[in-house]
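A structural walkthrough
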Amino acid sequence: MTTILVTGGTGTLGRLVTERLRAAGHEVRVLSRHSEPYAVDLREGGPALDRAVTGVDTIVHCATTQTGGDEKAAAKLIEAARRAEVPHLLYISIVGVDEVPFPYYKAKLAVERLVEESGLGWTVLRATQFHDLVATIVRVAAKLPVVLLPSGVSDQPIEVAEVADRLAELAQLPPAGRVEDMGGPEVLAFADLARTYLKAAGKRRPVVSVPLAGKAYRAFRAGGHLAPERAVGKVTFAEYLARR
């Protein structure tokens, strides 16, 4: 069995990947800002990061932040991985990062390029957004008397556990480059996803679609973040809500 480092290993996705790899018998190191013995801020790097990657066979890079710094973190991680001669770097990205000019997507695409140009053996998996994110967006929007959502935008949410299964599988295989995307089982209008959430939560709110402006909005309307040809997920949004 191998030694695998999971960055962001205490997060929504990383925690599940860690569980699956340990169940398969691998030694798994969990790297996060507050998780000893590998408590590291990837944006800073340093000796603790070097210790974390030393002797590692595969790095599964799940760590991310919505507040910026993903490119800097990836650069620090890649530098440390090169020094340690890590054979395989596996990165989880998002479907549409090369189609939608949304700031967070741009950062993910930049990290993909760093990984591809790292000189390391690498694998990149793109997935559509998780059910959890869609539920959070609607839950926040439903705090108002009227649920306001962008007009003409659909989504294809996927169960995070299914993505964790695939990442754990890829972590145990040789580097494969860019692998096929993972999309959720259904492409649904955001308004319909919101109504499904409201029904499951027992809330009554009118849902109003609001047109927006900008290149990112147009790209979302055009479905740049969707992968209907790769609808490999099994758990629907309604099933996810019922389980919760």
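Scroll up for the structure.
The numbers attached to residues start from 1 for each chain and follow its sequence in the written order. Local features in this predicted model are restricted to residues whose pLDDT is 70 or higher, and side-chain atom pairs enter the listing and the counts only when it is 80 or higher, whereas totals over whole chains, interfaces and linings include all residues. Note that the side-chain values use all heavy atoms of the structure and ignore hydrogens as well as water.

1. As for the overall build of the chain
Worth spelling out the cut-off: Note on conventions: DSSP H or I runs of at least 4 residues are helices, E runs of at least 2 residues are strands, and numbering of each starts at the N terminus. We compute the radius of gyration over the C-alpha atoms and compare it with the globule rule, which gives 2.2 Å times the number of residues raised to the power 0.38. Summary of the burial criterion: residues with accessible area below 20% of their type's maximum are buried, those above 50% are exposed, and those between are partly exposed, where the area comes from a 1.4 Å probe applied to protein chains only. Any two residues whose heavy atoms approach within 4.5 Å are treated as being in contact. Using the Shrake-Rupley algorithm and a 1.4 Å probe, accessible areas are obtained, with residue cover drawn only from the displayed protein chains.
Within the chain one finds nine helices and ten strands. Against the globule reference of 18 Å for 244 residues, the chain gives a C-alpha radius of gyration of 19 Å, in line with a compact fold. Its C-alpha atoms give the chain principal-axis dimensions of about 55 × 35 × 35 Å. Across the 244 residues in the chain, those meeting the buried criterion constitute 51%. Within the chain, contacts between residues separated by at least 24 positions form 79% of all contacts whose residues are at least 6 apart in sequence. Total accessible area on the chain stands at roughly 11,600 Å², and carbon and sulfur atoms take up 52% of it.

2. Notes on the side chain of E162
Where we set the bar: Counting rule for charge: Lys and Arg are taken as positive, Asp and Glu as negative, and neither His nor the chain ends is counted. Whenever a carboxyl oxygen of Asp or Glu lies within 4 Å of a side-chain nitrogen of Lys or Arg, that contact is scored as a salt bridge.
Here E162 lies in helix α6 (residues 160-171). No salt bridge is formed by the buried E162; its nearest oppositely charged neighbour, R243, is found at 6.6 Å. Those residues in contact with E162 that lie beyond four places of it in its chain are M182, G233, K234 and V235.

3. What to know about helix α5 (residues 131-141)
Definition in use: The directions considered for the arc are those from the helix axis to the C-beta atoms.
Looking only at α5, the buried set comprises H131, V134, A135, V138 and A141. The buried residues of α5 occupy an angular sector of 130° when the element is viewed end-on, so they sit on one face. Its buried side turned inward, α5 meets β6 (147-150), β7 (154-155), α7 (190-201) and α9 (237-243).

4. Things to note about unusual backbone geometry
Of note, the bond from E36 into P37 is cis; its omega dihedral lies within 30 degrees of zero at 5°. Of note, P37 is situated in the loop between β2 (27-31) and α2 (47-53). Here E85, not a glycine, exhibits a phi torsion of approximately 55°, which is positive. Tracing the backbone shows E85 in the loop between α3 (70-84) and β4 (88-94).

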